[in-house]
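What the coordinates show
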Amino acid sequence: MKWQMRAIRGATTVAENSIEAIRESVTELLDELEQRNKLQPEDMISVTFSVTKDLDAIFPAAIARSRPLWDNVAMLDVQQMHVEGSLPRCIRFLIHANLPVSQPIHHIYLRQAAKLRPDWSLPQTLQTTQHVMETKV
């Protein structure tokens, strides 16, 4: 099996600038990333998180580092360039990972961030169904 360094993108939004809200959104985003891409932390080379200027309650990388085996992944948090009229309270990521060439890549765009890349976004009904199912477990 041939492996290659590949990039995975994704984004989500946060209801408010609080530790709890950011933790919920980042956790949901990374859970979906791992599940849909069958991604293991040991395959990751680096993760860059960017946040809009209206989010400063906690670093997304601090949340990611608390996940099992993510503490050895190189991570960086940056503030995204502000463009008037852009999506507020948005967290994005860019992950570089060693993955099989034959494995499809699923970019993850959740919540209001689905508007950024509708071509890569999960249908809202699927997201809602998955969230409800996970909540019941």
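As the structure is a computational prediction, the values presented were derived from the model and not from experiment.

Taken as a whole and judged by the stated rule, the model has four salt bridges. Within this structure, Glu24, Glu28 and Arg111 form a network of salt bridges that share partners.

It is worth spelling out the sheet that holds strand 2 (residues 44–51) at this point. The strand order across the open sheet built from five strands is 3-2-4-1-5, with neighbouring strands paired in mixed fashion. In the strand order of this sheet, the two ends are held by strand 3 (74–79) and strand 5 (108–109), each with one partner. In the sheet, strand 1 (residues 3–13) pairs with strand 5 via two bridges, with the strands oriented parallel. The residue of strand 5 that forms the bridge with glycine 10 is isoleucine 108. Its contacts with the sheet place helix 1 (residues 19–37) against strand 1, strand 2, strand 4 (90–100) and strand 5, and it is angled at close to 145 degrees to strand 1.

Size it by volume and the largest pocket reaches roughly 160 Å³. Of all the secondary structure elements, the ones that give two or more residues to the lining of the largest pocket are strand 1, strand 2 and strand 4. Broken down by class, the residue content of the lining of the largest pocket amounts to six nonpolar, three polar and three charged.

Right, let's get into the nonpolar core. The biggest cluster of nonpolar side chains holds 27 residues, and the ones touching the most others in it are Leu33, Val47, Phe49, Trp70 and Ile95. Sorting the residues of this core by element identifies helix 1, strand 2, helix 2 (60–65) and strand 4 as the ones contributing at least two each. Here this core gets six residues from one element, more than from any other, and that element is helix 1. Sequence-distant contacts of isoleucine 95, that is, excluding residues within four places in its chain, are made with Arg6, Ala7, Ile8, Leu33, Leu39, Met44, Ser46, Val47 and Trp70. One finds Ala11, Leu87, Cys90 and Tyr109 within the second-largest nonpolar core, a separate group that totals five residues.

Rules and cut-offs
Residues numbered from 1 in each chain as written. Predicted model: local features only at pLDDT ≥ 70, side-chain atom pairs only at ≥ 80, totals over all residues. Heavy atoms only, no water. Salt bridge = Lys/Arg side-chain N within 4 Å of Asp/Glu carboxyl O. Pairing = 2+ DSSP bridges. Helix = DSSP H or I, 4+ residues; strand = E, 2+ residues; numbered from the N terminus. Contact = heavy atoms within 4.5 Å. Axes fitted to C-alpha atoms, helices over the stretch in contact; angles between N-to-C directions. 1 Å grid on protein atoms, 1.4 Å probe; cavity = no way out; pocket = protein on both sides within 12 Å on 5 of 7 lines; lining within 4 Å. Points joined across faces, edges and corners; volume = space filled by probe spheres on them. Nonpolar A, V, L, I, M, F, W, Y, C, P; charged D, E, K, R; others polar. Core = buried A, V, L, I, M, F, W, Y, C linked by side-chain atoms within 4.5 Å. Buried < 20%, exposed > 50% of the residue type's maximum accessible area, 1.4 Å probe, protein only.

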